[in-house]
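This is what each chain is made of:
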Amino acid sequence: MAMLELKSINLNLGGKPILSNVNIDFWEGHVHAVVGPNGAGKSTLANVIMGLEGYRKVEGDIIFNGTSIKDMGIAERAKLGITLGWQEPARYEGLTVGKFIMASAKDKSVDTAKDVLEMVGLNPEDYLQRAVDKTLSGGERKKVELASILAMRPRLVLLDEPDSGIDVSSLEKIFDGIKLLRSFGSTVILITHSIAVMKQAEHAFLFCGGKLVTKGSADKIEGFFEGECLPCEHKNAPDEGDIYGN
Amino acid sequence: MEINELLQIANEDKILNDKGTAHMTINLNKVVSKNLVPGLHIDTEEMEDGVKAKIVVDEGVVIEKQVHLCFGVTHEQAVQRILMDIDIKKGASISVLSHCVFPRAVHVKHIMDAKIRIGEGAAYTYEEKHIHSEHGGIEVYPKAVVDLDRGARFKTTFELVRGRVGLLDIDYDITGYDESVMEMMSKVSGREDDLIKIREAGSLVGEKARGVLTSRVAVRGNAKAEVYNVLKATAPYARGHVDCKEIIQDNGTATAIPIVEVSNPKAHVTHEAAIGSVDTKQLETLMSRGLDEEEAVELIINGLLS
Ligand SMILES: Nc1ncnc2c1ncn2[C@@H]1O[C@H](COP(=O)(O)OP(=O)(O)OP(=O)(O)O)[C@@H](O)[C@H]1O
Ligand SMILES: [Mg+2]
């Protein structure tokens, strides 16, 4: 069953179309990937679904479990179980990792915070009292973001570039996190231009220039992405370094 | 109200039973209790409206356990003047936690006037935490003039985040000689018609002297904050930084005036100031985890002031 339906989504920003006539169904309990080159509109799509400031003036409709959420604010959507892991997560002066995770958590206990930190490969002893500020490395911050999402037990989670800033040895931990989310029953949408991340998904949607170009099984789209998309001269096609440089 | 209640509010009641921990408790103009450790001297003189205290740490003495001071006013109306003369001798080291507790204050004026000398290579850490009543009628005037000798270190934190501020007028002046280090941090949270004035001035007059002035202020309701940070460097290799962050909500207003002045080409001073509402990405992240906007703002501000 479709958990989230995007119906004829159009969005203009700064006077130009950023998303054009996007129609997608995301299936409950499945892992999806939204792929495409830099500037394709992937993060914009995630921001539209989460309802972030500046991404609310969309045409079309967003249906979550049969109800339109288009006019709802972020907190309201989050209370329905929708969340977003940022491409570049926010940093907070003085707020500890423990408090940040517990604020997000369904079960607000220190044990939950410890559990989810372990799930993403961070030792709770070392991290619970650290601040979620600039002293965390980019990769650590991404892991804390994923930990907070695991603690929330969302029904629908958008992960924008979950592998950015993550080294090869930690990548498996991130993938484990995605599997855990799935095992919790979460519907997952991965935003990525990495083949390795795409491989975690069952279905994939390929974007270019703000449009949905093609969709299908992740295997099929992977072939299309490598065969058609990479060699393409289109202005927002990335060079190979961007794609394999993870 | 009993002084014991006051100590409980500050969570200080248990520590004062430890004979190895030096402490002094003052209620208005009376020294209620005092415990000293070897090498630490506190001479007091009770005045009509307060207490004069001379604190000396002998040369080379390292006081291991943090010293606890409590300045309380259990009355609703009063003026409390504390005159402090602090002398940390060469090579000595002390850390002080000071609670200023005015739990019933309706009209209370608390004046703290300190002269502090920190000798060569000595270290003084001073943390001052205020606990105020929910009335806005408190006036607090912390004033300090501090001299740091060669290689001396002074680290001070002023915190007023519990209860209403009322009127706060901080005035700190610090001079640092060769290779000294000064770190000043103030954290204040204002509401309703609170008025917060912070003036911190550091002069880095010695070679390789270093200084950091940090302020973290949140103003809500109709509260106002003025932060005036001055950092001057006149000696070679002196290094300084001024860092002021103020969050405003509702009708709060905040001003930041950082002045950095350098008169030696080998010295270097930087500053950053940010005033505004809560950062959108910080707010949206917490809201996307299911927090209401107010809860998210509270968490962000508490973090900043923690
Ligand atoms: N607020 C905005 N105003 C104007 N243009 C915007 C705005 N937000 C995004 N864009 C533009 O929309 C396009 C899509 O941006 P988006 O961030 O969604 O791309 P992306 O697919 O996530 O790319 P990447 O892989 O680099 O993260 C870009 O050309 C971007 O510059
Ligand atoms: Mg993006």
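One structure accompanies this document, and this report is about it. (Residues numbered from 1 in each chain as written. Chains lettered and ligands numbered in written order. Predicted model: local features only at pLDDT ≥ 70, side-chain atom pairs only at ≥ 80, totals over all residues. Heavy atoms only, no water.)

1. Here's the deal with the overall build of chain A
Per the secondary structure count, chain A includes ten helices and ten strands. For 246 residues, the compact-globule formula gives about 18 Å, and the C-alpha radius of gyration of chain A, at 17 Å, lands near that figure. The dimensions of chain A, computed from C-alpha atoms along their principal axes, are 50 × 40 × 35 Å. Going through the 246 residues of chain A one by one, you find that 54% of them count as buried. (Helix = DSSP H or I, 4+ residues; strand = E, 2+ residues; numbered from the N terminus. Rg over C-alpha atoms; globule rule 2.2 N^0.38 Å. Buried < 20%, exposed > 50% of the residue type's maximum accessible area, 1.4 Å probe, protein only.)

2. Observations regarding the packing of helix H4 (residues 110–119) of chain A against helix H6 (residues 138–152) of chain A
Residue and element names in this part refer to chain A. One way to put it is that H4 packs onto H6 with a least axis distance of 9 Å and a crossing angle of 130 degrees. Classified by the angle between their axes, H4 and H6 sit oblique to one another. Judged by the twist between their axes, the crossing of H4 over H6 is right-handed. Residue-level contacts link Thr112, Val116, Leu117 and Met119 of H4 to Ala147, Leu150 and Ala151 of H6. For the contact of H4 with H6, the class distribution of residues is six nonpolar, one polar and no charged. (Axes fitted to C-alpha atoms, helices over the stretch in contact; angles between N-to-C directions. Parallel < 35°, antiparallel > 145°, perpendicular 65-115°, else oblique. Left-handed = near helix turned anticlockwise from the far one by under 90°. Contact = heavy atoms within 4.5 Å. Nonpolar A, V, L, I, M, F, W, Y, C, P; charged D, E, K, R; others polar.)

3. Notes on the pairing of strand E10 (residues 211–217) of chain A
All names here are of chain A. Judged from the six bridges that link them, strand E9 (residues 203–208) and E10 form a sheet pairing that is antiparallel. If you follow phenylalanine 207 over to E10, its bridge partner there is leucine 212. Hairpin connection, E9 to E10: the antiparallel pair is bridged by two residues, and glycine 209 has positive phi, about 55 degrees. (Pairing = 2+ DSSP bridges.)

4. Re the site of ligand 1
Residue and element names in this part refer to chain A. Close to ligand 1 lie 14 residues, the nearest being Asn38, Gly39, Lys42, Ser43 and Thr44. Glycine 41 is positioned with one of its backbone polar atoms (N or O) 3.0 Å from an oxygen atom of ligand 1. Between ligand 1 and the protein, one listed contact pairs a nitrogen atom with a side-chain N or O atom of tyrosine 55 at 3.5 Å. With the chains in place, 65% of the 640 Å² that ligand 1 exposes on its own is no longer accessible. The dominant element in the shell around ligand 1, judged by the number of residues it contributes, is helix H1 (residues 42–50), at three residues. (Near = heavy atom within 4 Å. Polar contact = N/O pair within 3.5 Å; in protein donor to acceptor, adjacent residues only side chain to side chain. Areas by Shrake-Rupley, 256 points an atom, 1.4 Å probe, with all protein chains shown as cover.)

5. Some details on the state of the cysteines
Evaluated as defined, the whole model comprises zero disulfides over all chains. The closest cysteine sulfur to the non-disulfide-bonded cysteine 100 of chain B is located on cysteine 70 of chain B, 7.8 Å from its own sulfur. (Disulfide = S-S within 2.5 Å.)

6. Comments concerning helix H3 (residues 293–304) of chain B
With twelve residues, H3 of chain B should reach 16 Å at 1.5 Å per residue; the first-to-last C-alpha distance of 17 Å fits that figure. Looking only at H3 of chain B, the buried set comprises Ala296, Val297, Leu299, Ile300, Ile301, Gly303 and Leu304 of chain B. Buried-residue contacts for H3 of chain B involve helix H3 (97–104) of chain A together with strand E15 (210–219), strand E17 (239–248) and helix H2 (280–287) of chain B. (Expected span 1.5 Å × (residues − 1).)

7. Concerning the packing of aromatic side chains
Following the criterion strictly, the structure yields four aromatic pairs over all chains and no others. Between the aromatic rings of tyrosine 124 of chain B and tyrosine 126 of chain B, the centroid separation amounts to 6.0 Å while the plane-to-plane angle is 40 degrees, which identifies the pairing as tilted. Of the two residues, tyrosine 124 of chain B and tyrosine 126 of chain B, both sit in the buried class. The ring of phenylalanine 184 of chain A carries the charged tip of arginine 153 of chain A above its face, separated from the ring centre by 3.7 Å. (Phe/Tyr/Trp six-rings, centres within 6.5 Å; stacked < 30°, edge-to-face > 60°. Lys NZ or Arg CZ within 6 Å of the ring centre and 35° of its normal.)

8. A short note on unusual backbone geometry
In this structure, asparagine 65 of chain A is a non-glycine residue whose phi angle is positive, near 50 degrees. Among the structural elements, asparagine 65 of chain A can be located in the loop between strand E4 (59–64) and strand E5 (67–68). Here glutamate 179 of chain B, not a glycine, exhibits a phi torsion of approximately 55 degrees, which is positive. Looking at where glutamate 179 of chain B falls in the secondary structure, it is placed in the loop between strand E12 (167–176) and strand E13 (181–190). Here glutamate 179 of chain B falls in the partly exposed class, since its relative accessible area comes to 43%.

9. Observations concerning the interface of chain B and chain A
The interface is formed by 19 residues belonging to chain B together with 26 residues belonging to chain A. Both sides together, the interface formed by chain B and chain A hides about 1,900 Å², and carbon and sulfur atoms give 55% of it. Looking only at chain B, the three residues that lose the most surface to chain A are Lys281, Glu284 and Arg289 of chain B, adding up to 35% of its buried area. Inspection of the chain B/chain A interface yields four salt bridges. With its nearest N and O atoms 2.4 Å apart, the salt bridge here joins aspartate 292 of chain B to lysine 79 of chain A. Summed over the shared surface of chain B and chain A, the number is 15 residue pairs in polar contact (both at pLDDT 80 or more). Contributions of two or more residues to the side of chain B that touches chain A are made by H2 and H3 of chain B. Considering every element that reaches the side of chain B that touches chain A, the biggest residue donor is H2 of chain B, with seven residues. (Buried area = accessible area lost by both parts, 1.4 Å probe. Salt bridge = Lys/Arg side-chain N within 4 Å of Asp/Glu carboxyl O.)

10. Considering the coordination of the magnesium ion (ligand 2)
Residues and elements named next belong to chain A. Only Ser43 (OG) and Gln87 (OE1) from the protein coordinate the magnesium ion (ligand 2), and they sit 2.0 to 2.3 Å from it. In this pair, serine 43 is assigned in helix H1 and glutamine 87 in the loop between strand E6 (82–85) and H3, connecting sequence segments 44 residues apart. The class of serine 43 is partly exposed, set by a relative accessible area of 21%. Exposure remark for glutamine 87: the relative accessible area of 33% places this residue in the partly exposed category. (Donors = N, O, S within 2.8 Å, 3.2 Å for Na, K, Ca; no water.)

11. Section: the sheet that holds E4 of chain A
All names here are of chain A. The strand order E2-E1-E4-E5 describes an open sheet built from four strands, whose pairing is antiparallel. Of all the strands in the sheet, the pair left with one neighbour each is strand E2 (16–27) and E5. In this sheet, E4 lies alongside strand E1 (residues 2–13) in antiparallel orientation, the contact comprising five bridges. Paired with leucine 6 across the strands is isoleucine 62, a residue of E4.

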